[in-house]
Amino acid sequence: MPRDKKANAEAYLRMYRQMVRIRAFEDNANQLYLNAKMPGLTHMYSGQEAVAVGICEALTDEDRITSTHRGHGHCLAKGAELKLMFCELLGKEEGYCRGKGGSMHIADQAHGNLGANAIVGGSAGIATGAALSAKRLGRNYVTVCFFGDGATAQGLWYEVMNMAALWKLPVIYACENNGYSEYTPTDEVVAGSLTARAEAFAIEAHQVDGQDVLAVNKCATELAERCRRGEGPFFIELETYRYHGHHVGDINRDYYRSKEEEARWKADRDPIINFGRWLLSEGVATKEELAAIGSEIGDEAAAAVEYALAAPYPDAIEVDMHVFKGVEHALPYMSGARQ
Amino acid sequence: MTREITLSQAVNEAIAEEMRRDETVILVGEDVAEAGTPFKVLSGLVEEFGTDRVIDTPIAEPGFMGIAVGAAMTGLRPIVDLMFGDFLYLVMDQLCNQAAKTHYMSGGKLNVPLVLRTNLGATRRSAAQHSQSLHALVAHIPGLKVAMPSSAYEAKGLLKAAIRDDNPVVIFEDKLMYQDKAPVPEEEYLLPLGEAAILREGLEVTLIGTSSMRQVCEKAAEILEADGISAEVVDPRTLVPLDEGTILGSVRKTSRAIVVDEGHQNFGVTAEIAARISEKAFYHLDAPVIRMGAMDVPVPFSPALEDLTVPTPEAVAANARALVRGVPVHAL
Ligand SMILES: Cc1ncc(C[n+]2csc(CCOP(=O)(O)OP(=O)(O)O)c2C)c(N)n1
Ligand SMILES: [Mg+2]
């Protein structure tokens, strides 16, 4: 094993572990849905792990991200805890948003996650605003805006890319092209090329294999460093694939996506299997070590689910709290009660 | 002849019938064609009418809304599918600054015959950006008509009338009601915009309920009946125009009114209807008019909180009981 690989072994294993954690989280979340224990629906990140992990490994807790409806992977990769995430998915008081946000709105300030978003493309402005803050306040953090291929249809992104380019903001627009927006293949709704769209604003654009965590990490590390030197913004298009349906309830999907296609991606391009093989072939880890990581995380996830299932719901009194900063209860306040 | 069909089927039939009748009618929106929308309401339409008339769009709500406005001004009659009512915020400029005002600003020379179909309704555990009931926003804008079907029967009749209307009409369907069945005639029928329905006759209190709150009012009326209180249930069916005659006629008879709607209560639909009753039937009232809207908070995700934010039959019945028994309103 070459020396730099040995030096990086810790980072490699961390990335492997994080990808396995995301997969385990999603498998458990899906099971909660199937067992009718989860309120509402949720969107699985399985298959796309290398994107979130490769990028977030290049970031520090100071760096910010904005996330999407398919956001569990981003949140975990940025450092969130399984337990508190499951609590949020189940609407429990201990969840990241005290049960008020749920799957599509998880935010984790301690690790720089400004929040998932249920409006497709809705966080492009927020990410760019966070980058403006970094610049004006003289802070050296980078903001990564995660979004899907479908979100590139939203006009907001073009407006903010223009301003980010004009103002040289430290933001990276990371488009996870998983080939579909809901039940529609990307090529039916995207004219021209996505990288060319960014380039039209003189934003440097890259295309990366989103199933290759090292390639993703290499690109993100370079671009994050260059952002810190004032060379941003940047655009990355990451080719990837979602394993589940659009959401957990999207089970019969033959009409828009074949089982063969799904099987092919899983067999040939699974980011965890392929990276695991690479770790073995490079001698970074043994089979036994990788298996141990898998079972340890499996246990951790199972315990987190148990914990969240038993955790209490928020008290009814919370329903009108947190509507306004600085106001304890919104209802009396809105009727004129003095604070 | 009538048969029972779901609200979803009723919408599908209305659109299919109108598309057969008038080939200028087109359908535009995200995943409306093959997928038939995430709620499967439009399944089968693309097979009959083809992708030239059932048009899948990118996720670009302001864009396709604007295109629909322009198409409506120049000979087509678009039905725009807005997947969630919460996305109204994205299309507000095209809807309110363009569609709503074109006829007026052109001195009556241009018009915008389009239908915007969208939905409302909480308690689906979808959190704050997928659960809102935003009909008051558009009802506030002169130039837009607003329909609120409360059953499969109304959904079909109102939608057909809306498609034939020469103005922009926004229809809100309750996404929790898509699988609810109701008797619907097999023969063609239209329900004119601006005609409320009295769904249950009563003497002591009028319960006015829009959309799914009509069912809440009907259940409340049953609870009240068991208590020996006679409640009348009125469904306005459309907010613009609002059938004041039917509403005021009922309140003049019962002398008491509760207005129930799933939009936020502050500055909302319940306030507007209550104000009209108070102005125009004041001397017939025995008690203040009560508003019951959704709690004035963003819709919370947690089931433990979300269920607190929407009016329930029990709460409506409790308020009605208090009104009828003369309990002062501040004690409610
Ligand atoms: C503004 C807006 N329009 C439509 C939707 C409904 N919707 C949710 S996810 C989605 C598809 C998004 O596709 P993409 O951006 O590629 O992300 P992916 O789901 O593939 O991760 C759509 C249309 C939404 N949430 N917000
Ligand atoms: Mg996608």
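Residues numbered from 1 in each chain as written. Chains lettered and ligands numbered in written order. Predicted model: local features only at pLDDT ≥ 70, side-chain atom pairs only at ≥ 80, totals over all residues. Heavy atoms only, no water.

**Things to note about the coordination of the magnesium ion (ligand 2)**
Residue and element names in this part refer to chain A.
- The protein atoms that coordinate the magnesium ion (ligand 2) are D149 (OD), N178 (OD1) and Y180 (O), at distances spanning 2.1 to 2.2 Å.
- Counting along the primary sequence, the residues that act as donors to the magnesium ion (ligand 2) give the motif D-x28-N-x1-Y. Each member of the pair N178 and Y180 is classed as buried. (Donors = N, O, S within 2.8 Å, 3.2 Å for Na, K, Ca; no water. Buried < 20%, exposed > 50% of the residue type's maximum accessible area, 1.4 Å probe, protein only.)

**Remarks on a negative patch on the surface**
- A surface patch of negative charge is lined by D187 and E188 of chain A together with E34 and E47 of chain B.
- With respect to the helices, strands and loops of the structure, E47 of chain B is situated in helix α2 (residues 45–49). (Patch = residues over 30% accessible without salt bridge, like charges linked within 9 Å, V, L, I, M, F, W, Y side chains within 5 Å. Areas by Shrake-Rupley, 256 points an atom, 1.4 Å probe, with all protein chains shown as cover. Salt bridge = Lys/Arg side-chain N within 4 Å of Asp/Glu carboxyl O. Lys, Arg positive; Asp, Glu negative; His and termini not counted. Charge placed at Lys NZ, Arg CZ, Asp CG, Glu CD. Helix = DSSP H or I, 4+ residues; strand = E, 2+ residues; numbered from the N terminus.)

**Some thoughts on the interface of chain A and chain B**
- The interface of chain A with chain B comprises 34 residues on the first partner and 35 residues on the second.
- Interface area, chain A with chain B, both sides summed: about 2700 Å², of which 66% is carbon and sulfur.
- When residues of chain A are sorted by the area they lose upon contact with chain B, I119, Y255 and V319 of chain A head the list and together hold 20% of the total.
- Scanning the region where chain A abuts chain B turns up 10 residue pairs in polar contact (both at pLDDT 80 or more).
- When residues of the side of chain A that touches chain B are traced back to their parent elements, those giving at least two are α5 (82–89) and α13 (330–334) of chain A. (Contact = heavy atoms within 4.5 Å. Buried area = accessible area lost by both parts, 1.4 Å probe. Polar contact = N/O pair within 3.5 Å; in protein donor to acceptor, adjacent residues only side chain to side chain.)

**Brief notes about helix α3 (residues 61–73) of chain B**
Residue and element names in this part refer to chain B.
- For α3, with 13 residues, the first-to-last C-alpha span of 18 Å sits near the 18 Å given by 1.5 Å per residue.
- All of the buried residues along α3 are E61, F64, M65, A68, V69, A71 and A72. Projection of α3 onto a plane perpendicular to its axis shows the buried side chains occupying an angular sector of 165°, all on one side.
- Where α3 is buried, its residues touch β2 (25–29), β4 (77–81), α4 (88–99) and β5 (115–120).
- Taken from the residues just after α3, G75 is the one with a positive phi, measuring 120°. (Expected span 1.5 Å × (residues − 1). Arc of directions from axis to C-beta.)

**A few points about the sheet that holds strand β13 (residues 257–264) of chain B**
All names here are of chain B.
- Taken together, five strands build an open sheet; the order of strands is β9-β11-β10-β13-β14 and the sheet is mixed. The sheet is open, and its two edges are formed by β9 (197–200) and β14 (290–294), each paired on a single side. Going from strand to strand, the sheet's axes swing by 25° on average, the running direction of each strand aside.
- Direction of pairing for strand β10 (residues 205–209) relative to strand β11 (residues 231–235): parallel, over a ladder of four bridges. Its bridge partner lying in β11, V205 is registered against A231.
- Across the sheet, helix α10 (residues 269–280) is in contact with β10, β13 and β14; its angle to β13 comes to roughly 155°. (Pairing = 2+ DSSP bridges. Axes fitted to C-alpha atoms, helices over the stretch in contact; angles between N-to-C directions.)

**What about the domain arrangement of chain B?**
Residue and element names in this part refer to chain B.
- Each domain of chain B was delimited in the assignment, giving domain 1 (2–185) and domain 2 (197–324).
- Counting each side, the surface lost to burial between domain 1 and domain 2 is near 2100 Å², with a carbon and sulfur contribution of 56%.
- When the buried surface of domain 1 facing domain 2 is broken down by residue, R125, M148 and S150 rank first, second and third, together holding 27% of it.
- The interface formed by domain 1 and domain 2 includes four salt bridges.
- Our count for the domain 1 to domain 2 interface comes out at 13 residue pairs in polar contact (both at pLDDT 80 or more).
- Those elements that place two or more of their residues in the side of domain 1 that touches domain 2 are α6 (135–139), β6 (145–147) and α7 (152–164).
- Its residues assigned to classes, the side of domain 1 that touches domain 2 shows 14 nonpolar, seven polar and six charged. (Domains from an automatic or database assignment. Nonpolar A, V, L, I, M, F, W, Y, C, P; charged D, E, K, R; others polar.)

**What about the sheet that holds strand β7 (residues 234–239) of chain A?**
Residue and element names in this part refer to chain A.
- Strands sit in the order β1-β2-β3-β7-β6 across an open sheet of five strands; the sheet is parallel. Strands with a single pairing partner mark the edges of an open sheet, and in this sheet they are β1 (64–66) and β6 (204–209). Averaged over all adjacent pairs, the angle separating strand axes in this sheet is 20°, with direction ignored.
- Pairing of strand β3 (residues 171–177) with β7, which is carried by six bridges, proceeds in the parallel orientation. Within β7, the residue paired with A174 across the bridge is I236.
- Sheet strands touched by helix α6 (residues 124–136): β1, β2 (143–148) and β3. Its angle to β2, the strand with the most contacts, is close to 170°.

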